[in-house]
Structure formats: C-alpha cells, structure tokens
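Residues per chain are reported as follows:
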Amino acid sequence: MSQVAERLLPVGAHLARYVADYQAAKSPSQPQWLSKAREAALAGFERLGFPSTKLEEWRFTPIGPIAGKPFALAADGFAKADKHLTSALSAGGPLAVSVNGRFAPHLSSLDALPKGLQVLSLEAALAANPALVEPYLTRLASPEQQAFTALNTAFLRDGVVIFIAPHTVVETPVEVLFVSVAEGKPTVSHPRFLVVAGESSQVRILERYVGSGTTFTNAITEVVLGANAVIDHYKVQEESSAGFHIAGMYLHGARSGTFSSHSLAFGGAIVRNDVVAVLDGEGIDCTLNGLYLAGGKQLIDNHTTIDHARPHCGSHEVYKGILMDQAHAVFNGKIVVRIDAQKTDAKQTNKALLLSDDAAINTKPQLEIFANDVKCTHGAAIGQLDDDAVFYLRSRGLSLEDARAMLIHAFASDILNRLKIPSVREHLEAALTARLPQSV
C-alpha cells in the first residue's frame, strides 16, 4: 500500500456519492475558468480523500462520523428555513441570508445599502459580471492540500459576496447568516463567502451559522484586505449539537491593512476551524481571537496559521476554551516568519478551562522563524478553577455555584469584552449563561 493510501480514511461508497452529486450539480452556465477550477478541485478531493488521524494536522480530530455518514447534497431548503431564523444581531444593519449554501434574497434585508457597499449572490455575480469575482474567487483557498477545501470548491455554485469600494466607511455592521436545514435525512451543504475590501475602506462583518438536525456544513471564506483597509470580523457558530461544521477562512492582506477576527463556537458535534492569514505587505496588523464552549462529547478544533511574509507586521492571538463533561478540544497555532520579514512582532496565547475530569484538550503552539530581528512569543495554560479563588468568593457570602459561575464568566469575559458589536456580545453572554448551569 502506498504512503498516500495509508494516510487516507476509507470512505467507499460515500466518496462515490460525492462524485455522483458533483456530476448532478454541475452548472453549464458557469464561466469556463470556474468550471475548470471545480473539476480540478474534485480531482484533488478524490486524490486526498478524507483526512485520518495519521495526518499530523488531523492527529487529534477523528472525522469518521463525517466520512462514514451518507450525507445527501442539500436542496435549497427555503421552505423550512423560517423557523431557524432569529432576529439579526448586527443592530439593524444589512442582512444577507444563505440557506444550505444558496443565497436567499427573500429572507435578506438589503434594500438600502450604503454607497460603496455591495452585498450580492455569488451565483448572480457569476451570471451577470463574472469579471467582478474572477480575480479573487478560489485564489486564496487552495484545494491542493486540504480535502474539505477541495470539496467545497468542487461544489461551488452559490454563496455571498461583499465588496467594499475604496475609501468607503461602512458604519453599520453587515450580518451574513448561513442556515443549515436537514430535510429528514443527513444533508451536506458547501457555503461560500467572499469579502473584498478596497483600499482605505472600513467594514465590520458578522458571519453567523445556525441550523438544526444532522447537517454537515463545509464552509469556505475568502477575505481580501486592501492597502490601509480595516476589517473587523466576527464568526459565531451556533449549529445543532447533532451537526458537523468544517470551515476554512483564508486572508490575504496588503500594505498597512488591519484585520481582526473573533471566532465564537458554541454548537456542533464536531467543529473544525482553519484560519490561514498571509500578511503580504509591510505594516499589517492581524488579530485572531477565539472563545469556544463545549459540553457532552463535543469536539472543537481550532487550527490557525499567521504567515508573516513582509517586514514590520504585527499579529496578536488569544484563544480560550471552556470544556465540560467529556468534551475534547484541539488548538494548533502556527506563526511563520519568512526570511525577509524583519521587525515582526507576534504574540500567541491559548488557555483552556476544564470543568470536569473527563474533559481534555490537545494544544500545540508552533513557531517557524527564518528572520533574526523579530519578537515572537507564545504561551499555553490549561487547568481547572482556582480553589483559592472559589474559597475567597465563598467567604464573601457567595454560594459554591455562584462563585464558580463568576469565575467562569471572568475567564470568558477577556474575549467577550473585545467584541465591538454590543448586540453580539449580549447574545453570547446570554448563551454562555444558559449553558453553564449544567456544569456548575
């Protein structure tokens, strides 16, 4: 058996199902360049297969429940989406809704977009003006190394596109809601999200995932950060406890751009978030923060890579996890400093709070430094609640439950207080409170 074959998890008929679904979903109206990209991506997926734990990047994340389940390609699901929609969290700003990977204009609120902001269906953009997205779409998310990225690109048909014109400042947050609807059987969808921020533009984006039932959401987000542009990004994942969520976000930054992203994961049976940020211009500032809460037998995996390709860039990273019951988490944070990226300043911190003896986390910080004039630090801390702190609070009249809850909220507030959209922060604080009593 070849080394490649040994690394693959057998999928048998399920791989054939994906290939058959691809053939049925092919769209002859797509531009030739996209059709070729999709075909190449499918070939890449067939070559790679589903990753197994024999691969270092997936060592602690078995995806057998995904690879071995006969997911059917989801229909548009519009008729059953209403019950999954909740009030927008972005304080009355534009709202774009995608259901099972298909743009839903009748569920969106995009009538009065500010000047310089475009929010549109990817399928519509490809039909009316493919040159608008061709320079960006599939350019950042390479399907050559990651099987799930290849699978998403193979099924690339629709999605959400946001364009911010140069020198445009969008005052109100833009919310993009991705809904996954299971229709009586396990279903898979492949949402695609493209953000292009022009030079010296500013925008705040909320990327939110909800749904119910046994769904597999295989999502890809591509972000193009122009020179001097500012993007403040939030990803909130609140899908069903029976759902599976595999996602990749790929960022390419230009000179003096500022990018911050906050990943909040609260749902899903198996969740994997890959973030790859390439700082390809001098003076870029990149922040990646995350907070995740896992209970039961949930598995939440965060893999981040910040590639310092140019000098004088800074990156800041803080990930925190709260684990209950038999939950398992993985954090792998890689910082790459290329040979010409002098004056790099990179900081990474990962902390996990274990609320039960059966909860566990595997953490792996990585530094790959090829320059000599840099400042790079990383730190990891894993533990349970401080008994002395609990005793102190109880001595001040708090019950054991209240003392523990206060300390847990204090642990999470370091991330929650960084959220600049008040409605999102309040929503997540309420979600945290609602889930904690079972473990306190």
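Before reading further, recall that the structure is shown in the block above.
Because the structure is predicted, anything quoted here is derived from the model rather than measured.

## A few points about the overall build of the protein chain
For the protein chain, the count of helices and strands is 9 helices and 23 strands. Taken over C-alpha atoms, the radius of gyration comes to 21 Å for the protein chain, in line with the 22 Å a tight globule of 440 residues would show. C-alpha extents for the protein chain along the principal axes are approximately 70 × 50 × 45 Å. Burial statistics for the protein chain: of 440 residues in total, 55% are counted as buried. A fraction of 84% describes how many contacts in the protein chain between residues 6 or more apart in sequence connect residues 24 or more apart. When the accessible area of the protein chain is evaluated, it comes to approximately 17,800 Å², of which 52% is carbon and sulfur surface. Where the 39 positive side-chain charges of the protein chain centre and where its 44 negative ones centre are 2 Å apart.

## Things to note about the pairing of strand 21 (residues 345-354)
Bridge count for strand 19 (residues 314-323) against strand 21 is 10 bridges, and the pairing is parallel. For Leu323, the partnering residue across the bridge sits in strand 21 and is Leu354. Sheet analysis places strand 21 next to strand 23 (residues 375-383), joined by 9 bridges and oriented parallel. Residue Lys351 lies in a different strand from strand 23, and its bridge partner there is Ala381.

## Quick look at helix 3 (residues 32-48)
Under the 1.5 Å per step criterion, the end-to-end length of helix 3 is 24 Å for 17 residues, consistent within 8% with the ideal 24 Å. Along helix 3, the residues that are buried comprise Trp33, Leu34, Arg38, Ala41, Leu42, Gly44, Phe45 and Leu48. Directly beyond the C-terminal end of helix 3, a positive phi value near 65 degrees is found at Gly49.

## Focus: the packing of aromatic side chains
Evaluation of the coordinates by the stated rule reveals 13 aromatic pairs. Between Phe148 and Phe216, the aromatic rings sit 6.0 Å apart at their centres with planes inclined by 85 degrees, giving edge-to-face as the arrangement. Residue Phe148 is located in helix 6 (residues 147-154), and its partner Phe216 is located in strand 12 (residues 215-225); the two are separated by 68 residues in the primary sequence. A network of ring pairs unites the aromatic residues Tyr18, Phe45, Phe50, Trp58, Phe71, Phe148, Phe216 and Phe244 as a single cluster. Lying over the aromatic face of Trp58, Arg272 brings its terminal NZ or CZ to 3.7 Å of the ring centre. Its end group placed over the ring of Phe411, Lys320 keeps NZ or CZ at 4.6 Å from the ring centre.

## Remarks on the pattern of salt bridges
Under the counting rule described, the total for this entry stands at 18 salt bridges. Measuring nitrogen to oxygen at the nearest pair gives 2.9 Å for the salt bridge that ties Lys364 to Glu56. With Lys364 in strand 22 (residues 360-369) and Glu56 in the loop between strand 2 (50-51) and helix 4 (64-67), this residue pair connects regions lying 308 residues apart in the sequence. The class of Lys364 is partly exposed, set by a relative accessible area of 30%. Among the salt bridges present, the one from Asp414 reaches Arg418, with a minimum N-O distance of 3.2 Å. Looking at Arg418, the relative accessible area reads 33%, which means it is partly exposed. Ionic contacts of the salt-bridge type, sharing partners, join the residues Arg102, Glu123, Arg157 and Asp158 into one network.

## Some remarks on the packing of helix 3 against helix 6
Each packed pair of helices is defined by two parameters, the angle between the axes and the distance between the axes. Contact geometry of helix 3 with helix 6 gives a least axis separation of 8 Å together with a crossing angle of 145 degrees. The way helix 3 lies across helix 6 gives a crossing that is left-handed. Contact residues: helix 3 offers Ala37, Arg38, Ala41, Leu42, Gly44, Phe45 and Leu48, while helix 6 offers Ala147, Ala150, Leu151, Thr153 and Ala154. In terms of residue class, the contact of helix 3 with helix 6 is built from 9 nonpolar, 2 polar and 1 charged.

## A look at the sheet that holds strand 17 (residues 285-294)
Across the sheet, 10 strands lie side by side as 5-4-8-11-13-15-17-19-21-23; this open sheet has mixed pairing. With one partner strand each, in any of the chains shown, strand 5 (102-103) and strand 23 form the two edges of the open sheet. Of the pairings in the sheet, the one linking strand 13 (residues 230-238) to strand 15 (residues 258-265) comprises 8 bridges and is parallel in character. Bridged to Ile231 within strand 15 is Phe259. Across the face of the sheet, helix 8 (residues 400-416) comes into contact with strand 15, strand 17, strand 19 and strand 21 while running at roughly 150 degrees to strand 19.

## Notes on the environment of Ser52
With respect to the helices and strands, Ser52 occurs in the loop between strand 2 and helix 4. Measuring from C-alpha to C-alpha, the distance between Ser52 and Glu207 comes to 29 Å, with 155 residues separating the pair along the chain.

Cut-offs and rules
- Residues numbered from 1 in each chain as written.
- Predicted model: local features only at pLDDT ≥ 70, side-chain atom pairs only at ≥ 80, totals over all residues.
- Heavy atoms only, no water.
- Helix = DSSP H or I, 4+ residues; strand = E, 2+ residues; numbered from the N terminus.
- Rg over C-alpha atoms; globule rule 2.2 N^0.38 Å.
- Buried < 20%, exposed > 50% of the residue type's maximum accessible area, 1.4 Å probe, protein only.
- Contact = heavy atoms within 4.5 Å.
- Areas by Shrake-Rupley, 256 points an atom, 1.4 Å probe, with all protein chains shown as cover.
- Lys, Arg positive; Asp, Glu negative; His and termini not counted.
- Charge placed at Lys NZ, Arg CZ, Asp CG, Glu CD.
- Pairing = 2+ DSSP bridges.
- Expected span 1.5 Å × (residues − 1).
- Phe/Tyr/Trp six-rings, centres within 6.5 Å; stacked < 30°, edge-to-face > 60°.
- Lys NZ or Arg CZ within 6 Å of the ring centre and 35° of its normal.
- Salt bridge = Lys/Arg side-chain N within 4 Å of Asp/Glu carboxyl O.
- Axes fitted to C-alpha atoms, helices over the stretch in contact; angles between N-to-C directions.
- Left-handed = near helix turned anticlockwise from the far one by under 90°.
- Nonpolar A, V, L, I, M, F, W, Y, C, P; charged D, E, K, R; others polar.

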